[in-house]
Amino acid sequence: MIGKLFLTLATLALLHAAYSTYEHLSLLKALGKPEGSLPLDIVYESILALILGLLGASLNAPPLKDITWASEMKKRTIDGMDSRLGFAHYKSRGKFLFASPRDSKS
């Protein structure tokens, strides 16, 4: 609940800071002074919006899941995890796959 509130406040503060920046730059352009820094209140408002957004996203995140082998095995069966061949023979096709063409004709 409080996470969503922080995210909403951060969004509103960031939109207000963007609008204030636009108005400030429009004023500078109208006065013929295209160069100038932003007022500190706009900078502080943007930083506050960033902090509120980070807090809101952190508080609104779902709880972390357990990533241990035991917790994974609670969801699966041993038949699903150990579904491999009982016997593997690695030399069965090797002489045919890696033989030179003249050896395979004989």
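All values reported here derive from a predicted model rather than from experimental measurement. (Residues numbered from 1 in each chain as written. Predicted model: local features only at pLDDT ≥ 70, side-chain atom pairs only at ≥ 80, totals over all residues. Heavy atoms only, no water.)

Observations regarding the side chain of His 24
Turning to step 1, where the next piece is worked out: Secondary-structure assignment places His 24 in helix α1 (residues 2-31).
Turning to step 2, where the next piece is worked out: Exposure remark for His 24: the relative accessible area of 18% places this residue in the buried category.
Turning to step 3, where the next piece is worked out: Once residues within four sequence positions are removed from consideration, His 24 is found in contact with Ser 37, Leu 38, Pro 39 and Ile 42. (Helix = DSSP H or I, 4+ residues; strand = E, 2+ residues; numbered from the N terminus. Buried < 20%, exposed > 50% of the residue type's maximum accessible area, 1.4 Å probe, protein only. Contact = heavy atoms within 4.5 Å.)

Comments concerning the UniProt feature "signal peptide" (unreviewed entry) in the chain
Turning to step 1, where the next piece is worked out: UniProt records the feature "signal peptide" (unreviewed entry) for residues 1-17 in the present numbering.
Turning to step 2, where the next piece is worked out: Across residues 1-17, helical content stands at 94% and strand content at 0%; the span's end C-alpha atoms are separated by 24 Å. (UniProt positions renumbered as here; feature names shortened; annotations may be inferred.)

Description of the UniProt feature "transmembrane region" (unreviewed entry) in the chain
Turning to step 1, where the next piece is worked out: The UniProt entry lists residues 44-64 under the feature "transmembrane region" (unreviewed entry), expressed in the numbering used here.
Turning to step 2, where the next piece is worked out: Secondary structure within residues 44-64 divides into 81% helix and 0% strand; the distance between the first and last C-alpha atoms comes to 32 Å.

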